[in-house]
Amino acid sequence: MRSEFQFFMTPDDESELVEVAQKMIDSIDRDSDIQWLFRVGDCPIQLLRSYIRNGELISGRISIATSGFGIDYKSGSDGESVYKRLRSWLKKTYSNGMTCRNVRIDNSRMDIRCFWVSPRVIRLIQADSSLTLKQVPKAPVVFELKNQEAEQAAP
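Cut-off values and rules
- Residues numbered from 1 in each chain as written.
- Predicted model: local features only at pLDDT ≥ 70, side-chain atom pairs only at ≥ 80, totals over all residues.
- Heavy atoms only, no water.
- Helix = DSSP H or I, 4+ residues; strand = E, 2+ residues; numbered from the N terminus.
- Buried < 20%, exposed > 50% of the residue type's maximum accessible area, 1.4 Å probe, protein only.
- Phe/Tyr/Trp six-rings, centres within 6.5 Å; stacked < 30°, edge-to-face > 60°.
- Lys NZ or Arg CZ within 6 Å of the ring centre and 35° of its normal.
- Expected span 1.5 Å × (residues − 1).
- Arc of directions from axis to C-beta.
- Contact = heavy atoms within 4.5 Å.
- Polar contact = N/O pair within 3.5 Å; in protein donor to acceptor, adjacent residues only side chain to side chain.
- Core = buried A, V, L, I, M, F, W, Y, C linked by side-chain atoms within 4.5 Å.
- Pairing = 2+ DSSP bridges.
- Axes fitted to C-alpha atoms, helices over the stretch in contact; angles between N-to-C directions.

A. The arrangement of unusual backbone geometry in detail. The backbone phi angle of F69 is positive, close to 55 degrees, even though this residue is not glycine. For F69, the position within the fold is in the loop between β7 (60-65) and α2 (76-93). For N107, which is not glycine, the phi dihedral falls at a positive 55 degrees. Secondary-structure assignment places N107 in the loop between β8 (98-102) and β9 (110-112). Judged by relative accessible area, N107 falls into the exposed class, the value being 82%.

Next comes the structure, spelled out in structure tokens:
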């Protein structure tokens, strides 16, 4: 299995995700400020943390690779099960009603369904319209909420 789930989350959202994960995993290795690994036996589930820098909220993700390139984890099927449960929890909690556009290209807006956003991020954007959502820092592509998603997250 090779899969990733991309999201925009706040530090409070991350704390919730870690709390949920800790009930299913053996340990967490904090490789860097941005990359953590949830360990299920010998199988890692990568967490790239979402973070804010210079007015940009950069997307994060959880991902797993249990096949290809000579990978052979003894706990691979257990890791896949945990990954699927985490992904399911995120899908129930977050929404994916977003668009993206390249700020350098007129009329480039398109629906995008493979990025998910937490209700806290939606409220954060409503409170600070200068905050932009991006996958890569300083990139010209920005992600935006559809009006319906913003209305559903209103306090």
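B. Focus on the packing of aromatic side chains. Per the counting criterion, the structure on display carries five aromatic pairs. Ring plane angle 40 degrees and centroid distance 6.5 Å describe the contact between F5 and F7, whose orientation is recorded as tilted. The exposure class of F5 is buried, given its relative accessible area of 4%. F7 sits in the buried class, given a relative accessible area of 0%. Following the ring pairs from residue to residue traces out a cluster consisting of F5, F7 and W116. In this structure, R30 is placed above the aromatic ring of W36, and the distance from its NZ or CZ to the ring centre is 4.3 Å.

C. Spatial organisation of helix α1 (residues 11-22). An ideal rise of 1.5 Å per residue puts 16 Å on twelve residues; α1 measures up with 16 Å between its terminal C-alpha atoms. Of the positions making up α1, those classed as buried are D13, E14, L17, V18, V20 and A21. Each buried residue of α1 sits inside an arc of 160 degrees when the element is viewed along its axis, so together they form one side. Check the buried side of α1 and you find it contacts β2 (27-30), β3 (35-40), β4 (43-48), β7, α2 and α3 (119-127).

D. Quick look at the side chain of Q6. When you line up the elements, Q6 lands in strand β1 (residues 2-8). Q6 sits in the buried class, given a relative accessible area of 10%. At a separation of 2.9 Å, a polar atom in the side chain of Q6 contacts the side chain of Q135. Aside from chain neighbours lying at most four places away, what touches Q6 is G60, R61, C114, F115, W116 and Q135.

E. Just the nonpolar core, in detail. Membership of the largest hydrophobic core comes to 24 residues, with the highest contact counts inside it found for F7, F38, I62, L86 and L90. Elements with a contribution of two residues or more to this core: β1, α1, β3, β4, β7 and α2. Among all residues touching L90, those that are not within four sequence positions of it are F5, F7, M9, L17 and I62. Counting residues in hydrophobic clusters, the runner-up holds 14 residues, among them M98, I112, F115 and L131.

F. Structural context of the sheet that holds β1. Overall, mixed pairing links the six strands, which are arranged β2-β3-β4-β7-β1-β10 in an open sheet. A single partner strand is all that each edge strand has here, and the edge strands are β2 and β10 (115-117). Sheet twist, expressed as the mean angle between neighbouring strand axes with direction ignored, is 25 degrees. Relative to β7, β1 runs antiparallel, the two being bridged by six bridges. Within β7, the position partnered with E4 by the bridge is S63. Along the sheet, α1 contacts β2, β3, β4 and β7; its crossing angle with β3, the most-contacted strand, is approximately 20 degrees.

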